[in-house]
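# Observations on chain architecture
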Amino acid sequence: MMAGRNWEQEFSNYLSIERNYSEHTNINYLHDIREFHSFMLEEAIHAFADVSYMDVRLYLTRLRKQEFARTTVARKISSLRSFYAFLLREKVINENPFAFVSHSKKQLRLPKFFYSQEMEALFDVVYANNDPLTLRDRALLELLYATGIRVSECAGILLSDIDQTYQAILIKGKGNKERYVPFGVFALDAVNDYTNGGRDMLMEHHQKTHQSLLINHYGDPLTARGIRYCLNKVIEKASLTRKIHPHMLRHTFATDLLNNGADMRTVQELLGHASLSSTQIYTHVTKEHLKETYMKHHPRA
């Protein structure tokens, strides 16, 4: 039933064209499938359609004996489950032998976020003066905290993506998915101060013409790597003592919304999460934050 067609290649095309997966992710999926195919040959299983649930259990046991990390095993099983779901969709098989396979879930790591005092220290740095690059860093920090967008998404913002009337930005997220994200008056003022003061000055000085909102000191578009560098410099100037990273601004955005009563579906949409389960981890953060606040301030805690 499967002869004459390269289902691995067709699955790869499906991931690239229909799912908009990156080349790196595609390569990982194919590697996991080919690794499983080698196991099939060792076990004299000649076709993907001949794989049974017991074969899958045997493969899972073999992975664990090889002492792969739990996250690696989880990824391999996820790749194969997706591949078999594709075969099921194409009516190559009648059931997915990976559909009900359980595996060790990766350890829950709560996202780290900035506390209010730390955010104040960061804002103090970017409001210290009004030179062009400080104005840019101010707009950058205000936008990231106001919207919760990823650093890579921030790098892609064009001047035409900003709707000042409705105070919303068109964001191009993962898988070329687009969403509108609102922002507040602090971010609006910071962006206007930057575009009218810092950006225009740098663009004119270096004779550059392009639509990228954020630029470097040469007037060229600021890359995601450049944004991380700028944020790390702000963090250093704020003299924050613990180990932190720029992505914590996204975590802070989500945590602060939930702590102040936002519903999870709204936060999911604002963050651009495809699944609600990706957003639910922030509920653990808010619970930890509530507990910590209670233990610190209640007189009989």
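Residues numbered from 1 in each chain as written. Predicted model: local features only at pLDDT ≥ 70, side-chain atom pairs only at ≥ 80, totals over all residues. Heavy atoms only, no water.

Looking now at the sheet that holds strand S2 (residues 168-172). An order of S1-S2-S3 is seen for the 3 strands of this open sheet, with the pairing classed as antiparallel. The open sheet has two edge strands with one neighbour each: strand S1 (162-163) and strand S3 (178-182). (Pairing = 2+ DSSP bridges. Helix = DSSP H or I, 4+ residues; strand = E, 2+ residues; numbered from the N terminus.)

All right, on to the pairing of S3 then. Side chains on a regular strand alternate between the two faces of the sheet. Residues Arg 179 and Val 181 line the buried face of S3, whereas the alternating positions Glu 178, Tyr 180 and Pro 182 sit on a face that is not buried. As paired strands, S2 and S3 are joined by 5 bridges and run antiparallel to one another. Of the residues in S3, the one forming a bridge with Leu 170 is Tyr 180. Linking S2 to S3, which pair antiparallel, is a turn of 5 residues; within it Gly 175 sits at a positive phi near 65 degrees. (Buried < 20%, exposed > 50% of the residue type's maximum accessible area, 1.4 Å probe, protein only.)

A separate point is the pattern of salt bridges. Under the counting rule described, the total for this entry stands at 14 salt bridges. Residue Lys 172 is joined to Asp 161 by a salt bridge in which the shortest nitrogen-to-oxygen separation is 2.7 Å. Of this pair, Lys 172 sits in strand S2 while Asp 161 sits in the loop between helix H7 (151-155) and S1; the two residues are 11 residues apart in sequence, bridging distant segments of the chain. Classification of Lys 172 as partly exposed rests on a relative accessible area of 35%. Overall, Asp 161 belongs to the buried group, its relative accessible area being 7%. (Salt bridge = Lys/Arg side-chain N within 4 Å of Asp/Glu carboxyl O.)

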